[in-house]
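Examining the three-dimensional arrangement
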Amino acid sequence: MTQPIGISALSFHTPHRYVALATLAEHHGIDPEKFSRGIGQDKIALPGHDEDVVTMAAEALAPVLAAHGTDGIDTLIFATETGIDQSKSAGIYLHGLMNLPANMRHVEVKQACYSATAALQMACAHVARHPDRKVLVIASDVARYDLDSSGEATQGAGAVAMLVEADPKILEIGTVSGVFTEDIMDFWRPNHRSTPMFDGKYSALRYLNALVEAWRDYQAGGGRAYEDFARFCYHLPFSRMGDKAHRHLAKEVGTRADAAAVTPGLTYNRQIGNCYTASLYLALISTLETAEEDLTGAHLGLFSYGSGATAEFFDATVVPGYRDHLLGARHGEILKSRAAVPYDAYTALWQSPKGADAARVDMPEEAAGRFRLAAIDDHKRIYADRGA
Ligand code: CAA
């Protein structure tokens, strides 16, 4: 029997400010139900000017390190499409900020919203070769679309930190995967732009096609039957995409979609918005933490989609005792203690900090948490740890 490999810690962070989609609807003079029902979103998380993918990752990672320490961790894979540097991995900034051990390797990976899944699979493969080693997988992104564009309502921000090891405490990751790639322009962000180009309706159609193709590949590789799954977790650019995806997959297998298999996974994302690479893993955390029943032994189907496009369908099985390792109370507090901002404050926060022109830019103190981007000095990002 092969040794189980999977996830022993699952932690998320999102900034403490949000703009309600009802505020956006009022400003644009449109029916708020278009957002609450049509796309299934209530709030968009808003980072301050002193928060970015590194500070959000640090906030998500802190409780993982507090619970597990750093023994055996030799790799950190940072998945993002909101890179802060074209050369240096965001993980190395995180390394410094969190005082991680020197005998580690770091790499940043990118393929739109998909790359955290590549990171998770690489982590599992590494642990399969070295069962005494552990890997940190970080997914962290700020989803920022142009103001007044159709994507504006699908913004958000957040990070997920995962610890991957042998004999995992929360989820065993299955060894069968279905994958699919096609070269398309549904959503992309050229280097000269801070916001993406996208064709929203086309991207949703390609997402659904990629789901079917990845599912077929998963089945061809000997994957579990549809009926074996207690829950499905989907990449959620907006929560209603999960409903649509689930109905589409049910149609592909010739059955009726059971909404209860997907709804628990939508709860957190409705309140945070899209967080690109972290989005599927936020849905996974939501699925595990909002379930009333004990999911021990349950099989979960996971679908990861990254525009451009690459997709993967894979499975995970919930491990006995998993509830003891979830951070539901902490996550509930993060979501409960946030504050709504009015429209004008939202557009002010929306502007990214610029480090390009001035010799030094000191960031306003807007982050509420422990970690912040204090300044960009001579093109170098200076992070600060304000202590627990
Ligand atoms: N009450 C209830 N529902 C309403 C309504 C009302 N008053 N008004 C409209 N709606 C419904 C519409 O009927 C529609 O439902 P269907 O999808 O079932 O037809 C839904 O609300 C959305 O309405 P529109 O299609 O008119 O909305 P839109 O033109 O503003 O576009 C969007 C929606 C395409 C998702 C857009 O927000 C967008 O482009 N987002 C960014 C791209 C994106 O998220 N793509 C997803 C796939 S790509 C991916 O997954 C990668 C990634 O993370 C980006």
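Data block above holds the structure.
Keep in mind the model is a prediction, meaning the values are calculated, not measured. (Residues numbered from 1 in each chain as written. Predicted model: local features only at pLDDT ≥ 70, side-chain atom pairs only at ≥ 80, totals over all residues. Heavy atoms only, no water.)

1. Re the side chain of T317
How we decide: Segments assigned H or I by DSSP are reported as helices when at least four residues long, segments assigned E as strands when at least two residues long, and all are numbered from the N terminus. Each residue gets one of three labels from its accessible area relative to the maximum for its type: buried under 20%, exposed over 50%, partly exposed in between, using a 1.4 Å probe on protein chains only. Any N or O atom pair separated by 3.5 Å or less is treated as a polar contact, with the protein-specific requirement of one donor-capable and one acceptor-capable atom, and with residues adjacent in sequence counted only for side-chain atom pairs. The criterion used for residue contact is that any of the two residues' heavy atoms lie within 4.5 Å.
Here T317 lies in strand 13 (residues 310–318). When its relative accessible area of 16% is taken as the criterion, T317 is described as buried. In terms of polar contacts, T317 uses its side chain to reach the side chain of H299, at 2.9 Å. Setting aside anything within four residues of it in sequence, one finds T317 in contact with I170, L171, E172, R224, G297, A298 and H299.

2. Quick look at the sheet that holds strand 1 (residues 5–13)
Where we set the bar: Here the rule is simple: two strands pair whenever DSSP picks up at least two bridges between them. Angles here are taken between N-to-C directions and fall from 0 to 180 degrees, while the axes themselves are lines fitted to C-alpha atoms, restricted in helices to the stretch in contact.
Spatially, nine strands are ordered 5-4-6-7-1-8-13-12-11 in an open sheet, and the strand pairing comes out mixed. With one partner strand each, in any of the chains shown, strand 5 (105–109) and strand 11 (229–234) form the two edges of the open sheet. For this sheet, the mean angle separating the axes of adjacent strands, direction not counted, is 25°. As paired strands, strand 1 and strand 8 (residues 171–181) are joined by two bridges and run antiparallel to one another.

3. Description of helix 11 (residues 343–350)
As a reminder, the rule being used: Taken from the helix axis, the directions to the C-beta atoms give the arc we talk about.
Among the residues of helix 11, those classed as buried are Y343, Y346, T347, L349 and W350. Taken end-on, helix 11 shows its buried residues confined to a sector of 160°, consistent with a single buried face. Elements in contact with the buried residues of helix 11: strand 2 (17–20), helix 1 (21–28) and strand 3 (43–46).

4. Details of helix 10 (residues 328–336)
Buried residues of helix 10: H331, I334 and L335, and no others. The buried residues of helix 10 occupy one face: seen down the axis, they fall within an arc of 95°. Relative to its buried face, helix 10 has exposed residues pointing more than 90 degrees away, namely A329 and K336.

5. Overview of the packing of aromatic side chains
Keep this limit in mind: Two rings from Phe, Tyr or Trp (for Trp, the six-membered ring) form a pair when their centres sit within 6.5 Å of each other. Planes less than 30 degrees apart are called stacked, planes more than 60 degrees apart edge-to-face, and all others tilted.
Per the stated rule, a full pass over the model turns up 18 aromatic pairs. For the pair F12 and Y268, a centre-to-centre distance of 5.4 Å together with 55° between the ring planes defines the contact as tilted. Here the residue F12 occupies a position in strand 1, and Y268 occupies one in helix 8 (residues 267–272), the gap between them amounting to 256 residues. What makes F12 buried here is its relative accessible area of 1%. On the numbers, 5.7 Å between centres and 65° between planes, the contact of Y93 with Y383 is edge-to-face.

6. A few points about the pairing of strand 13
The element strand 13 is extensively covered by neighbouring structure, given that nine of its nine residues are classed as buried. Because side chains alternate across strand 13, one face comprises the buried residues T310, E312, F314, A316 and V318, and the other comprises A311, F313, D315 and T317, equally buried. Sheet topology places strand 12 (residues 299–306) next to strand 13; eight bridges connect them, and they run antiparallel. Across the sheet, Y305 pairs through a bridge with A311, a residue of strand 13. In sequence, strand 12 turns back onto strand 13 through a hairpin of three residues, with G308 there showing a positive phi of about 120°.

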